[in-house]
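Coordinate analysis (summary)
Letter by letter, the chains look like this.
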Amino acid sequence: LDQGGDLDLKGSWRWADGWQLRPGARLTMARSLKGSNLIRQATFSATTPVTVSGDGLHGSFALNAGGLVAERWVLPPLDGTLRFEGWRFNADLAVPEWGARLHATGRRLDGTAAGTITGQTPVKAALSRGLDVTTRAGALSLDGTWRAGAAPRVEGRLRGRDVALDWSTPRASTPIWG
């Protein structure tokens, strides 16, 4: 992060065949900047005991994040769950304001993370903020694969159903910093 925010870890732990973070523990990241993008506060809360061992992280978390603000677009608040089983994980994320849902799976592969993604969202004007076209109606779905690393990559299909586009509405040209 270019201008990181404070990290705050609150919770209790115990020793039970190794270090264990108890349910209810919370890690909160304050607002921060990455380039010209504002990352709003995010909190991860342990919903099960969490352990770290030689085969990775084990446990579940709830995510509550304030979203992201870029120069010409905004990602509203999101929430979700993340479940870790060693070097494997799955996540269910939602952007309630958009009605959007995303499911991701991942695993460690040759020293880097890789996995699958699926998602769906109704089409709303807010999705097209900053584009030369305004989305008005319909639905979008996606499925694909992702891989982290030095050159992160996402490959997949984005499908639209009954999508209505308005090419005559001017795009937003002023930055939003909320």
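Here, the structure is the one placed above.
So, how was this worked out
- Residues numbered from 1 in each chain as written.
- Predicted model: local features only at pLDDT ≥ 70, side-chain atom pairs only at ≥ 80, totals over all residues.
- Heavy atoms only, no water.
- Helix = DSSP H or I, 4+ residues; strand = E, 2+ residues; numbered from the N terminus.
- Buried < 20%, exposed > 50% of the residue type's maximum accessible area, 1.4 Å probe, protein only.
- Core = buried A, V, L, I, M, F, W, Y, C linked by side-chain atoms within 4.5 Å.
- Contact = heavy atoms within 4.5 Å.
- Phe/Tyr/Trp six-rings, centres within 6.5 Å; stacked < 30°, edge-to-face > 60°.
- Lys NZ or Arg CZ within 6 Å of the ring centre and 35° of its normal.

Okay, unusual backbone geometry next. With phi around 55 degrees, D162 is a residue other than glycine that occupies positive phi space. On the secondary structure map, D162 appears in strand β17 (residues 153-166). For D162, a relative accessible area of 62% gives the class exposed.

Bringing the nonpolar core into the picture now. Core analysis: the largest hydrophobic core is formed by nine residues, namely A42, L63, A65, L78, L82, A91, V95, W98 and A100. Of all the secondary-structure elements, those providing two or more residues to this core are β9 (56-65), β12 (78-86) and β13 (88-95). Apart from the residues within four sequence positions on either side, A65 is in contact with Q41, A42, P77 and L78. Judged by nonpolar contacts, the second largest core, of five residues, contains A25, A46, V50 and F61.

For the rest of this paragraph, the subject is the packing of aromatic side chains. Aromatic ring pairs are defined here through the distance separating the ring centres and the angle between the ring planes. Scanning the model with the defined rule gives three aromatic pairs in all. Between F84 and F89, the aromatic rings sit 6.0 Å apart at their centres with planes inclined by 35 degrees, giving tilted as the arrangement. Look at F89 and you get partly exposed, because its relative accessible area is 22%. An angle of 45 degrees between the planes, with centres 6.1 Å apart, marks the rings of F89 and W146 as tilted. Of this pair, F89 sits in strand β13 while W146 is found in strand β16 (residues 134-147), placing the two residues 57 residues apart along the sequence. A network of ring pairs unites the aromatic residues F61, F84, F89 and W146 as a single cluster. Across from the ring centre of W87, 4.6 Å away, lies the NZ or CZ of R108, which sits over that ring.

The quantities given are spatial measurements derived from coordinates; they are silent on function.
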